[in-house]
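Commentary on secondary and tertiary structure
Chain by chain, the residues run as shown.
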Amino acid sequence: MSTTTRAPQPPAAASQHALPDPGEHVPALSWPIVGIGTFALTLFGLSTWAALTDTLPAIATIAASSAAIFVLFTVLHDASHYSISSHRWVNVAFGRVAMFFVSPLISFRSFAFIHIEHHRNTNDGESDPDHFVSASPWWQLPIRFPAMDLPYISFLVRNLRRRPRAEVLETAALMTLSVTVIASAAFAGHLWTLALIYLIPERVAMFVLAWWFDWLPHHDLDDTQRENRYRATRNRVGSEWILTPLLLSQNYHLVHHLHPSIPFYRYVAAWRRNEAAYLERDPAISTVFGQHLDATQYQEWKRLNGALAALLPVRMPRSSAARHASTHPIPVKSVERLTPDSVKVTFDVPDHLSDQFAFQAGQHLTVQHRIGGKEVRRNYSICTSATSGELAIGVRHITGGMFSTFAVETLRAGDVLELMTPTGSFGAPLDPLARRDYVAVAAGSGITPILSIVRTTMEIETESRFTLFYGNRTAESAMFAAELDELESRYADRLRIFHIRSAEAHHPASLRGRIDLAMVQRLLATDLTSIDRWYLCGPSDLVTTMRDDLTSEAVPTEQIHLELFRGTKRLTHVDAFPASEVTITLSGANHTVQLAPGETVLESALKNDIDAPYACLGGACGTCKARVTTGAVSMEQNFALQTAETEAGFILTCQSHPTTPTVAVDYDS
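The rules we used
Positions within a chain are numbered from 1, following the residues in the order the chain's sequence is written. Residues qualify for local features only when their pLDDT is at least 70, as the model is predicted, and side-chain atom pairs are given and counted only at 80 or more; totals for whole chains, interfaces and linings, by contrast, use all residues. Excluded from the side-chain calculations are hydrogens and water; all other atoms, namely the structure's heavy atoms, are used. Here, strands pair whenever DSSP counts at least two bridges between them. The secondary structure listing takes helices from DSSP runs of H or I that are at least 4 residues long and strands from runs of E that are at least 2 residues long, numbered from the N terminus. Axis geometry follows a simple rule: fit a line to the C-alpha atoms, using only the stretch in contact for helices, then measure angles between N-to-C directions, giving values from 0 to 180 degrees. Residues are treated as being in contact if the distance between any of their heavy atoms lies within 4.5 Å. Partly exposed residues are those whose accessible area sits between 20% and 50% of the maximum for their type, while under 20% is buried and over 50% is exposed, using a 1.4 Å probe and protein chains only. Using a 1 Å grid laid over the protein atoms alone, points where a 1.4 Å probe fits but cannot get out form a cavity; open sets with protein on both sides within 12 Å along at least 5 of 7 lines form a pocket; any residue with an atom within 4 Å of a point counts as lining. Grid points are joined across faces, edges and corners, and a volume is the space filled by probe spheres set on the points. For the purposes of this section, nonpolar cores are sets of buried Ala, Val, Leu, Ile, Met, Phe, Trp, Tyr and Cys residues that join through side-chain atoms within 4.5 Å. Each residue carries a pLDDT score, the predictor's confidence in it, ranging from 0 to 100. Any angle that is under 35 degrees is reported as roughly parallel, and any over 145 degrees as roughly antiparallel; angles of 65 to 115 degrees are reported as roughly perpendicular and all others as oblique. In this classification, the charged set is Asp, Glu, Lys and Arg, the nonpolar set is Ala, Val, Leu, Ile, Met, Phe, Trp, Tyr, Cys and Pro, and all remaining amino acids, among them Gly, are polar. Between the first and last residue of a helix there are one fewer steps than residues, each counted as 1.5 Å, and that sum is the expected span. Put simply, a salt bridge is a Lys or Arg side-chain nitrogen that is within 4 Å of an Asp or Glu carboxyl oxygen.

1. Regarding the sheet that holds strand β13 (residues 533-538)
Across a sheet, paired strands are connected by hydrogen bonds in the backbone, their directions being either parallel or antiparallel. Overall, parallel pairing links the five strands, which are arranged β12-β11-β10-β13-β14 in an open sheet. At either end of the open sheet lies a strand with only one pairing partner, and these are β12 (495-501) and β14 (560-564). Across the sheet, the axes of successive neighbouring strands diverge by a mean angle of 10°, strand direction being ignored. Inspection of the sheet shows strand β11 (residues 465-472) paired to β12 by seven bridges, in the parallel sense. Bridging across to β12, N472 finds its partner in R501. Helix-sheet contacts for helix α17 (residues 517-524) involve β10 (437-443), β11, β12 and β13, and the interaxial angle to β12 is about 140°. Sitting on the sheet, helix α18 (residues 540-552) touches β10, β13 and β14, and the angle it makes with β14 is about 165°.

Dropping the structure here:
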């Protein structure tokens, strides 16, 4: 766990406001997408019927089918950013259906990967697959527009070894099917019919899509997404009564790149809510006729077209209102299988306890339950965003582990567990105005607190970037793989995730093996000391070795935050510590007990039936934190408290031996 925190950064410019939450969130189901998707499929069906029955002129059926495919691209586009539904499978289902009409040469997952690379590398040469169009000479545009899928296929081929085998096989199957259908139609004498129904409309739709979705938002902009995300793409203002529905809101393409998970029909609303904050950052804005506007010019243009909207407040996570860790019975809301040996357990916290169970990213819960007549107490990190209002943990089965076996095999929704209020200080304070670079290294179930930290950081610090190295034996053993995939899609330009596998022969060689500093340095391709914060979580050998290696490379220790699964072995030679009289303050009451030589403060409390909070007993979780108000103690080990906390007198009572005749500790501080 973290032993230090980084010194505060200099304050941002006084005139600049924090960029707030866009105020638009992923719905349970995007009904506008259902509507336009149903309309497009119906239109395509009618145009196909018209072509087969020769009811309409060929140009009319081509136009209708082209319009249907154009609309279906928005369905595909929102699905690739998981903004159709908060349920992942719904996005995949919509995406696969739409992909079959837009371009059946590649799979939906392949398209999503390529499109996310566009977001991550906008305007960055060959690293941006859409650069084929956005940087094209004007005289080549009529040729490149309808051939937009060619650079996508080329990009996929170049990155084939990075993609999962199932995705590659699906793409290969679709390509084979497409070629077979075209060849069969040609041999049967129906090639013109197929061309009328699909081949020509698909090229027409591709032409318009490349023009409106790629060229209009990005051409003549030199900044890459990593250099200046506010000038890597643009908004087009004016004639919005026709332009917004015609482009399906892509005239506000800048909003989409800043907040990729916002559904397409809410781009304009998000811009209007946050307009003042965006304008402070000098975004790229053009009129419908291509005139470039700076912020002042846009303000004048806006003055003639309406008043500025108010700015939303920034949503910051709250800490638990509990003075110290206290236990409450909490029902289980759901138990979701993550891998064959792990589950996500979500809790249904009653409204009257919501303040008690508020948490900061990186904190954990202590779970108590009676199994087989024996009380079991285990500590698990929270995996949800601190702003989400949802409380959940990830549990991986450990051979012989009493609670993990129960959680994976027996625990069900409706069961009640005893939960301690959140504790721990693995995470670090967030600042909406910050522009930081973060790196996290996690292995196995160590991803659980990292997931919470990544989610919360991406939401609050809208200018910060995060790189995650996540190690597992195989893809099947990776916890929260779907959630990580979704996060990378939603924060494409600011979040990179490297999945490291130690037991997959087909995994790319550069990502195969066990995580060490050499691998991290090679893939990160930047100065290690330039990283603002490092988060390390996993087995003790990985975490402690990585910490030692980073400090040997001149990374300041205050920038390294670590969390261990459990503490290391305790000292056995404790005879030198004297007996002591200990006064313990807990829940407003004072208890004075006698502590024998060698005992810890926590041991003396529990021996005297004082219900002091604790969990791991190894100095790793921080649940037993208290402040020394009188006397002095010596801590055996500390993987949970930050330097500022220890300097303020806080200790881990499970590790603390008095060194003075009298000691007073306060759990309520």
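2. Looking at the sheet that holds strand β9 (residues 416-420)
An order of β7-β6-β9-β4-β5-β8 is seen for the six strands of this open sheet, with the pairing classed as antiparallel. In this open sheet, the two strands that pair with only one neighbour each are β7 (374-381) and β8 (391-396). Strand-to-strand twist in this sheet, taken as the mean axis angle between neighbours without regard to direction, amounts to 40°. Pairing of strand β4 (residues 327-339) with β9 involves five bridges; the strand directions are antiparallel. Pairing of P329 across the sheet is with E418, part of β9.

3. Some details on the environment of E418
If you trace the backbone, E418 turns up in strand β9. Residue classification places E418 among the partly exposed positions, given a relative accessible area of 32%. The sequence separation of E418 and T327 amounts to 91 residues, and the corresponding C-alpha distance is 6.2 Å. With residues near it in sequence (within four places) discarded, E418 still touches T327, H328, P329, T366, V367 and Q368.

4. Looking at empty space enclosed by the protein
All told, the structure shown has four cavities of 30 Å³ or more when counted by the stated rule. Empty space within the largest cavity amounts to approximately 250 Å³. Every residue lining the largest cavity is counted, 21 residues in all, and those nearest its centre are F73, F111, M148, Y152 and M206. Elements supplying a minimum of two residues to the lining of the largest cavity: α2 (58-80), α3 (88-102), α4 (108-120), α7 (149-158) and α9 (191-218).

5. What about the nonpolar core?
What tends to happen in soluble globular proteins is that the nonpolar side chains get buried as a cluster. Of all hydrophobic cores here, the largest spans 67 residues; its most connected members are L76 and W271. Looking at which element gives the most residues to this core, the answer is α2, with 11 residues. With residues near it in sequence (within four places) discarded, W271 still touches N235, Y252, L254, V255, Y278, L279, P283, I285 and Y298. Grouped together as the second largest cluster of nonpolar side chains are 30 residues, C383, A428, I450 and I497 included.

6. Describing the side chain of S83
For S83, the position within the fold is in the loop between α2 and α3. Setting aside chain neighbours within four positions, we find S83 in contact with V26, P27, S30, D78, N91, S261, I262 and P263.

7. Observations concerning the confidence of the model for the protein chain
Across the protein chain, the average pLDDT comes to 87, with 92% of residues at or above 70. Counted against residues more than four places away or in other chains, residues 306-313, with its pLDDT under 50, gives 21 contacts.

8. Structural notes on the environment of I500
Locating I500 in the fold gives a position in strand β12. For I500, a relative accessible area of 0% puts it in the buried group. C-alpha separation for the pair I500 and R231, spaced 269 residues apart in sequence, amounts to 33 Å. If sequence neighbours within four positions are ignored, I500 has contacts with Y470, G471, N472, L511, G513, I515, M519 and L523.

9. A closer look at the packing of α4 against α7
Orientation of α4 relative to α7, taken along the N-to-C sense of each, is 95°, at an axis distance of 10 Å. The angle between the axes of α4 and α7 places the two elements in the roughly perpendicular class. Along the contact surface, α4 presents S110, F111, F113, I114, H115 and E117, while α7 presents Y152, F155 and L156. Looking at the contact of α4 with α7 residue by residue, the classes come out as six nonpolar, two polar and one charged.

10. Quick notes on α4
Given a rise of 1.5 Å per residue, 13 residues ought to cover 18 Å, and the 18 Å separating the end C-alpha atoms of α4 matches this to within 8%. Counting buried positions along α4 yields 12 of 13 residues, so the element is predominantly enclosed. Every buried residue of α4 is listed here: F108, S110, F111, A112, F113, I114, H115, I116, E117, H118, H119 and R120.

11. Concerning the pattern of salt bridges
Considering all chains together, one arrives at 24 salt bridges under this definition. Among the ionic pairs, R281 bridges to E280, the shortest N-O distance being 3.8 Å. Using a relative accessible area of 11% as the deciding quantity, one classes R281 as buried. Across the pair R490 and E486 runs a salt bridge whose closest N-O atoms are separated by 2.7 Å. Here the residue R490 and the residue E486 both occupy positions in helix α16 (residues 481-490), the gap between them amounting to four residues, near one helical turn. Summarising the burial analysis for this pair, R490 and E486 share the class buried. Residues joined by salt bridges that share partners form a network here, namely R229, E280, R281, R435, E463 and D493.

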